[in-house]
There are 2 protein chains.
Amino acid sequence: MTETVVLKLGGSVITDKSGECAIDHARLREIAAHLAARGAAALVLVHGAGSCGHPEARRYRIGDGLTGENVPGIYETHAAVSRLNAAVVGSLRDAGVEAIGIHPLDLGLAEGGRLVSFETRHIVEMTEHGIVPVLHGDVVMDRLQGSCIVSGDQLVTRLAVELSSRRVGLATDVPGVLQNGSVVPRIDRENVATLDIGGSGKTDVTGGMRGKIMELLELADAGIESHIFHVSKIDRFLDDTGHGGTTIGRDAP
Amino acid sequence: MTETVVLKLGGSVITDKSGECAIDHARLREIAAHLAARGAAALVLVHGAGSCGHPEARRYRIGDGLTGENVPGIYETHAAVSRLNAAVVGSLRDAGVEAIGIHPLDLGLAEGGRLVSFETRHIVEMTEHGIVPVLHGDVVMDRLQGSCIVSGDQLVTRLAVELSSRRVGLATDVPGVLQNGSVVPRIDRENVATLDIGGSGKTDVTGGMRGKIMELLELADAGIESHIFHVSKIDRFLDDTGHGGTTIGRDAP
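Looking at an unreviewed UniProt entry, one finds chain A named Isopentenyl phosphate kinase and attributed to Methanoculleus caldifontis. Listed under Sequence similarities (unreviewed entry) in UniProt, the entry text for chain A is "Belongs to the isopentenyl phosphate kinase family." Here chain A is described in UniProt, under the heading Function (unreviewed entry), as follows: "Catalyzes the formation of isopentenyl diphosphate (IPP), the building block of all isoprenoids."

Engineer: Please provide a residue-by-residue account of the overall build of chain A, values included.
Structural biologist: When helices and strands are tallied, chain A shows 9 helices and 16 strands. C-alpha extents for chain A along the principal axes are approximately 50 × 45 × 35 Å. Put simply, chain A has 253 residues, and 58% of those count as buried. Summarising the internal contacts of chain A: among those between residues at least 6 apart in sequence, 75% fall at separations of at least 24. Looking at chain A as shown, the accessible area adds up to about 9800 Å², and 47% of this sits on carbon and sulfur atoms. The average position of the 24 basic charges and that of the 33 acidic charges among the side chains of chain A differ by 3 Å.

Engineer: Can you tell me about the sheet that holds strand E11 (residues 167-172) of chain B, naming the residues and giving the values?
Structural biologist: Taken in spatial order, the 8 strands make up an open sheet running E5-E8-E4-E1-E11-E15-E16-E14 (chain B), and their pairing is mixed. Of all the strands in the sheet, just strand E5 (99-101) and strand E14 (186-187) of chain B have a single pairing partner and so form its edges.

Engineer: Could you give an account of the nonpolar core, with specific residues and numbers?
Structural biologist: One finds Ile74 and Leu159 of chain A together with Ile74 and Leu159 of chain B to be the most contacted residues of the largest nonpolar core, which totals 92 residues. Those residues within four positions of isoleucine 74 of chain B in sequence are excluded, and the remaining contacts are Ile100 and Ile131 of chain A together with Ile62, Leu66, Leu105, Val139, Met141 and Ser147 of chain B.

Engineer: Please set out the environment of leucine 84 of chain B residue by residue, giving values where relevant.
Structural biologist: Residues and elements named next belong to chain B. Within the fold, leucine 84 resides in helix H4 (residues 72-94). Separated by 35 residues in sequence, leucine 84 and alanine 49 have C-alpha atoms that sit 7.4 Å apart. With residues up to four places along the chain from it excluded, the contact list for leucine 84 reads Ile14, Thr15, Ile23, His47, Gly48, Ala49 and Cys52.

Engineer: I'd like to hear about the packing of helix H4 (residues 72-94) of chain A against H4 of chain B, residue by residue, with values.
Structural biologist: For the pair H4 of chain A and H4 of chain B, interaxial distance at closest approach is 14 Å and the crossing angle is 155°. Considering the angle they form, H4 of chain A stands roughly antiparallel to H4 of chain B. Judged by the twist between their axes, the crossing of H4 of chain A over H4 of chain B is left-handed. Facing H4 of chain A, whose interface residues are Pro72, Tyr75, Glu76, Val89 and Arg93 of chain A, H4 of chain B presents Pro72, Tyr75, Glu76, Val89 and Arg93 of chain B. Looking at side-chain class alone, the contact of H4 of chain A with H4 of chain B contains 6 nonpolar, no polar and 4 charged residues.

Engineer: Kindly report on the confidence of the model for chain A, identifying the contributing residues and their values.
Structural biologist: Model confidence for chain A is summarised by a mean pLDDT of 91, while 94% of its residues fall at 70 or above. Confidence drops under a pLDDT of 50 for residues 199-204 of chain A, and excluding neighbours within four residues, the segment shows 8 contacts in the predicted structure.

Engineer: I'd love a proper account of the interface of chain B and chain A, names of residues and values included.
Structural biologist: It is common to give the size of an interface as the accessible area that goes away when the parts come together. Taken together, the contact between chain B and chain A spans 31 residues of the former and 31 residues of the latter. Taken over both partners, the interface formed by chain B and chain A buries close to 2700 Å², and the fraction arising from carbon and sulfur atoms is 65%. At the boundary of chain B and chain A, one finds 6 residue pairs in polar contact (both at pLDDT 80 or more). Elements supplying a minimum of two residues to the side of chain B that touches chain A: H4, E5, helix H5 (104-107), helix H6 (121-128) and strand E9 (138-142) of chain B. No other element matches the 6 residues that H4 of chain B contributes to the side of chain B that touches chain A. Residues that form the side of chain B that touches chain A fall into these classes: 15 nonpolar, 7 polar and 9 charged.

Engineer: Before we move on, could you go through the state of the cysteines and cite the residues and values that matter?
Structural biologist: Evaluated as defined, the whole model comprises 2 disulfides over all chains. Covalently, cysteine 21 of chain A is tied to cysteine 52 of chain A through a disulfide, its sulfur atoms 2.2 Å apart. Its torsion about the S-S bond being 95°, the disulfide of cysteine 21 of chain A and cysteine 52 of chain A is classed as right-handed. Taken as a pair, cysteine 21 of chain A in the loop between strand E2 (15-16) and strand E3 (22-23) and cysteine 52 of chain A in the loop between strand E4 (42-47) and helix H3 (54-60) lie far apart in primary sequence, 31 residues in all. Counting only cysteine sulfurs, cysteine 52 of chain B is the nearest neighbor of cysteine 148 of chain B, a cysteine outside any disulfide, at a range of 20 Å. Note on cysteine 148 of chain B: relative accessible area 1%, which makes it buried.

Engineer: Please provide a residue-by-residue account of the pairing of strand E7 (residues 114-117) of chain B, values included.
Structural biologist: Residues and elements named next belong to chain B. One ladder, built from 3 bridges, connects strand E6 (residues 109-111) with E7; its direction is antiparallel. Each residue of the ladder has a partner; that of glutamate 111, found in E7, is arginine 114. Between the antiparallel neighbours E6 and E7 lie 2 residues, among them glycine 112 with a positive phi of about 60°.

Engineer: Residue-level account of helix H2 (residues 25-38) of chain B, with values.
Structural biologist: All names here are of chain B. Taking 1.5 Å of rise per residue, 14 residues should cover 20 Å, and H2 covers 20 Å from first to last C-alpha, within 8% of that figure. If you check which residues of H2 are buried, you get Leu28, Ile31, Ala32 and Leu35. Projected onto a plane normal to the axis of H2, the buried residues spread over an arc of 100° and lie on a single side. Within H2, the exposed residues directed more than 90 degrees away from the buried face are Arg29 and Ala37. The inward-facing, buried residues of H2 abut strand E1 (4-9), helix H1 (11-14), strand E3 (22-23), strand E4 (42-47), H4 and helix H9 (234-239). Looking one or two places after H2, you find glycine 39, whose phi comes out positive at around 55°.

Engineer: Lay out the pattern of salt bridges in plain terms, naming residues and giving numbers.
Structural biologist: Residue and element names in this part refer to chain A. By the definition in use, this model includes 29 salt bridges over all chains. Measuring nitrogen to oxygen at the nearest pair gives 4.0 Å for the salt bridge that ties arginine 114 to glutamate 218. Taken as a pair, arginine 114 in strand E7 (residues 114-117) and glutamate 218 in helix H8 (residues 208-221) lie far apart in primary sequence, 104 residues in all. For arginine 114, a relative accessible area of 34% translates into the label partly exposed. By relative accessible area, glutamate 218 is classed as partly exposed at 42%. Close ionic contact of glutamate 225 with arginine 186 constitutes a salt bridge, the shortest N to O distance being 3.1 Å. Here arginine 186 lies in strand E14 (residues 186-187) and glutamate 225 lies in the loop between H8 and strand E15 (226-230), a separation of 39 residues in the sequence. Salt bridges here are not isolated pairs; linked through shared partners, they connect Lys8, Asp153 and Lys212.

Criteria and cut-off values
Residues numbered from 1 in each chain as written. Chains lettered and ligands numbered in written order. Predicted model: local features only at pLDDT ≥ 70, side-chain atom pairs only at ≥ 80, totals over all residues. Heavy atoms only, no water. UniProt positions renumbered as here; feature names shortened; annotations may be inferred. Helix = DSSP H or I, 4+ residues; strand = E, 2+ residues; numbered from the N terminus. Buried < 20%, exposed > 50% of the residue type's maximum accessible area, 1.4 Å probe, protein only. Contact = heavy atoms within 4.5 Å. Areas by Shrake-Rupley, 256 points an atom, 1.4 Å probe, with all protein chains shown as cover. Lys, Arg positive; Asp, Glu negative; His and termini not counted. Charge placed at Lys NZ, Arg CZ, Asp CG, Glu CD. Pairing = 2+ DSSP bridges. Core = buried A, V, L, I, M, F, W, Y, C linked by side-chain atoms within 4.5 Å. Axes fitted to C-alpha atoms, helices over the stretch in contact; angles between N-to-C directions. Parallel < 35°, antiparallel > 145°, perpendicular 65-115°, else oblique. Left-handed = near helix turned anticlockwise from the far one by under 90°. Nonpolar A, V, L, I, M, F, W, Y, C, P; charged D, E, K, R; others polar. pLDDT = per-residue confidence, 0-100. Buried area = accessible area lost by both parts, 1.4 Å probe. Polar contact = N/O pair within 3.5 Å; in protein donor to acceptor, adjacent residues only side chain to side chain. Disulfide = S-S within 2.5 Å. Expected span 1.5 Å × (residues − 1). Arc of directions from axis to C-beta. Salt bridge = Lys/Arg side-chain N within 4 Å of Asp/Glu carboxyl O.

This is the structure:
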């Protein structure tokens, strides 16, 4: 199996959170041009929902489970984030990247908000044929509560483990995890409790920065380091030439 | 688990095969109105690709596997049939049916043209919340040949078994399986060899009428009878009041 890079584009990087599904097409074109110029390495992309899906998920309280009345929220939330996915895939294809969108609602099964079934062998097959699968945070059916939100961060964790990825990156609109305005260079289970990390600027239905770090510490437990950096540093992350952000890893030996 | 009906809409029923992705919106509205008026029973819909996907699948020879050059055909074929799926889901939702599209490429894994992995528990979860999942014939990644076409008929078979369905219907643009212009009322493994069944009017990448019957005989082997009838008889099939078409079942005792 080829070494696969899992790269997440934060929802707030590719949408304007103040609007409703306000897609930042210029940013998408820029990212697509960078990825197209590189080619080669097997890549799986994941993106957050940003302002495409979060408003719907909140309005229908779809992450809290199904009550009967809020069932239409599954479609509405899924349709909104699928629009963003189509824009991401479209930008990549326009730039010459052989991208294909994969919707987690179509394949995932969760219990209590965590994925318990998520096929990835077809995703591996795609990367082996030069295809870049593009997944996204999504509403997913949940056997305990009917439905839940599976964040892009949970997907990144799941994919990195299943694909035995060694390079996991999260491109955000901040330079890394911040404490008192400075980037925290490294986070592990030993120092995480001592850090004063707020949520991300605007709270979202997937738990903000703290939720993200907790996901990534689980990944670190599995021996996979991950990197949080500013979106302008994607090339540096891919080249491993210093992204200036935060690395989430296992406790220093 | 609720008793689930699996209903397939033939590709030639909802598209005009002479055009390229010529969707028959009037027919879709008509079918949607019938299904909306019934409500209640758990229902899973599957549709064929018709003129949305077959031309692309043929052009790229995507069903024969991946050669390298034809990789873009995965996206093109999938995008075409996904457009049809969006139209089917849209018609149903406009009529008040809580439909959601599910794309087999997103979840299926095949080997030599047959599905070896296809999660259905989230589909069951959907039906239990009154959602009508709408699947479709699609290109699917294949571990032996890179890619293959999974027909709507193969999906019907798979879903019927996994969902323990007792009512499986295939709505077509003919009154049933025809021999010398007359409907064959019943087909089983005993009489199938004696029948002179041509392919469907126009050959397609999924094997025509003979391929369909072979799929459904496998279903019959698993103890599940299926029914092929004219699309105007959907109500009669659902009510079990005589659709005038063909029943595919086990050998008469």
